[in-house]
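# Geometric and topological summary
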Amino acid sequence: MALEQLSEVVQRCQALPYDCYTTEDHGVFMIAGRTCIEEGNSAQVLSIVLDEKNQDLVRCMGWNLLPPLIQVLLKEEDKNLPHCLAIFNHLLETCRPKELLIGLLEQLEQDDAVAIAESLRLLLNPLQKVLLCLGSHKASSLGMTLSSLLDQVAKLPLPQTKEQEEDDVFSFCHCCTELMAFVQPFVNEARQNFLKSKLLSESPDKIPHNQDRLLPDKEDELRTELLKFCMKTLCHPLLEIQLRDPDTLPVSPLRDFATDILNSLSAIGESLSSLVFLPLSKRKELHGFLEEEVRYPKESLASLAHLVFVHHLATDSFPTVFSPVFSLQCNMEHICLLLSRNEESRIQKGLELYEKSLLWLEDGSLSADLLEIKTFLTVPRHLVNVMTMCSQQRLRTKGLKVFQLSIDKFDTEAKYNFFLYMLKTSKHSGVEGYIIKNIKNQIDFSLQPGNSNIWFEGVQLLPLLRKVLSLPDGPETDLLQYLDRVMESLNLLRYLIIRDKVTENQTGIWTELYKIEDTFMKPLRVALNMSRAHYERELKNIMETKSKVKEEPKLSVSVSEEKLPNMTAESQLEALHSALHTFDMIESVLVRIEELVEVKDSQ
């Protein structure tokens, strides 16, 4: 029945010019032709398609046969495969490119990972062939195609380990490789257009008269679409995956893919160094419809910086004349962006980029002037969030390592200002304790012979000491919440009293001690007494409640106006005993300091 309908519409259309085909003719040809292929009559359809008398019809309507043809081609084992392949190839040669493109892109859409990989493998070459047939008008069609291809690739699971990249079970790596092979002819064409335009702008007389002349100020739409493609791939998948170094994985399709993307950017006239340093450069004068933020997405530029500085990709096209300080200053924008994100892949890349940028510097080489640049204060705040709030232990540990590395790179004045800033802005006791420990180490270094400086000795040191040797909320300070800060402050004070002689008073601690006693030691003593009394009262209440009830109930205890989680009496007793032990530890250090002061005074 379907074959008869197809033969009838073909015979009727043979006698008509192609612009006289009716909507009904199109509909009958599409439904009957598809049904014939689905029912296994592909040999008859091939005969009709190849008939010279039907070429106008095929050119106009043939693309409607693509869906069932592609389904057969994807199955591969179908007995009608040779006939369907012949029909498919003839359609690619005969049909109008724009209609073929629409038909192919419609069949590209899949949801299953295996189906996505198979459809890409089958359709990439036909899509490339069709686009090349569009000539100089292909740019928008290429952009639409690349967007569809990337959307499909984005559905594939990403390889997370070296073994997954090697096994490539879901063909993600293979698809990336084929994608770059697909885009290469268009990159080559854009490169030729760019070079021709550049040559025309520099020496217009050197262009042969028989060659097309491109206006140098005209937007190259093909180049624009390829730029959008490269920027999108830099963001996904390259910002999501972890590349392996050649020592770890000698043959890496993903590393090759990243390299090809960077090479493509260079080929179409984009300077990699200019892109990396774009945050510090003047805004570009852009021609065309794309604004800078759209043309150069910040995440894509951050990904580019990571590939260049961490993985050293495309270094042959990257100048080496930039100083390490300048490179760091530029990368701080990218680092700030990556560390501000919640995704672990972005945080990890931000930490890696910051670490690599810092390792190029000598210790103590960053001046205090850099702290006037916003990112040099914003990045540490993001680092603190990573160290204290990130769910991954390895990232928290890495964050602390990079945080210390960044401190080591500051000169003495910069360290002083940075410590003061962090103590003023940090709201985390552990971070404040870590800063105070660094202050202690810096003072100890300054007191060594030959290391004297004005920032961590004498009058200049006192404002920093006053900030350290204080309680955030006076006598009402929650000592458990601020335990790290309080203990490091006490350790610093004890060190100063032991290390600095009364007669020398290099740090100024002995002239400041009476103030420290009033603003830190006495309020701390009051806070200790209040905290201990509160917890001892809670301990007594629980003991009394436990003795009255045979069956152990679940209790709720309020500490510092906050209720502890519901727990058994035994668990609460353990928590309260631990708190009291902490207060004893604080008091023992405080008592030792008071004894040391008495001994020094008597001397």
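Structure: above.
Reference entry: report on the structure contained in this document. (Residues numbered from 1 in each chain as written. Predicted model: local features only at pLDDT ≥ 70, side-chain atom pairs only at ≥ 80, totals over all residues. Heavy atoms only, no water.)

## Focus: unusual backbone geometry
- Looking along the chain, the bond that leaves His 236 and enters Pro 237 is cis, with omega of 15°.
- With respect to the secondary-structure elements, Pro 237 resides in the loop between α12 (221–235) and α13 (253–267).
- Positive phi, close to 65°, is recorded for Ser 171, a residue that is not glycine.
- If you trace the backbone, Ser 171 turns up in the loop between α10 (162–167) and α11 (172–202). (Helix = DSSP H or I, 4+ residues; strand = E, 2+ residues; numbered from the N terminus.)

## With respect to the nonpolar core
- Among the nonpolar cores identified, the biggest contains 187 residues, and Phe 182, Leu 226, Leu 262, Ile 443 and Leu 490 are the most heavily contacted of them.
- At 12 residues, helix α25 (residues 509–548) tops the list of elements feeding residues into this core.
- When sequence neighbours within four positions are dropped, the list of residues in contact with Phe 182 reads Leu 124, Leu 127, Gln 128, Leu 131, Leu 142, Thr 145, Leu 146 and Leu 149. (Core = buried A, V, L, I, M, F, W, Y, C linked by side-chain atoms within 4.5 Å. Buried < 20%, exposed > 50% of the residue type's maximum accessible area, 1.4 Å probe, protein only. Contact = heavy atoms within 4.5 Å.)

## Concerning the packing of aromatic side chains
- What the rule picks out here adds up to 10 aromatic pairs.
- Judged by centre distance (5.4 Å) and plane angle (35°), the rings of Phe 410 and Phe 418 are tilted. For the pair shown, Phe 410 and Phe 418 are each scored as buried.
- Plain terms: the ring middles of Tyr 416 and Trp 455 are 5.2 Å apart, the flat faces sit at 50° to each other, and that makes the pair tilted. Taken together, the positions of Tyr 416 in helix α21 (residues 412–425) and Trp 455 in the loop between α22 (429–446) and α23 (458–468) put the pair 39 residues apart, joining distant regions of the chain.
- For Trp 455, a relative accessible area of 18% translates into the label buried.
- Three or more aromatic residues joined by ring pairs form one cluster here, namely Phe 403, Phe 410, Tyr 416, Phe 418, Phe 419, Tyr 434, Trp 455 and Phe 456.
- Cation over ring: Lys 440 sits above Tyr 495, and NZ or CZ is 5.1 Å from the ring centre. (Phe/Tyr/Trp six-rings, centres within 6.5 Å; stacked < 30°, edge-to-face > 60°. Lys NZ or Arg CZ within 6 Å of the ring centre and 35° of its normal.)

## As for the packing of helix α18 (residues 344–359) against helix α20 (residues 393–409)
- Look at α18 against α20: their axes get within 10 Å of each other, and the N-to-C directions meet at 25°. Comparing their axes, α20 and α18 come out roughly parallel. Helix-helix and strand crossings are classified by hand; for α18 and α20 the assignment is left-handed. On α20, the residues touching Glu 344, Ile 347, Gln 348, Leu 351, Tyr 354, Glu 355, Leu 358 and Leu 359 of α18 are Arg 394, Leu 395, Lys 398, Gly 399, Lys 401, Val 402, Leu 405, Ser 406 and Lys 409. (Axes fitted to C-alpha atoms, helices over the stretch in contact; angles between N-to-C directions. Parallel < 35°, antiparallel > 145°, perpendicular 65-115°, else oblique. Left-handed = near helix turned anticlockwise from the far one by under 90°.)

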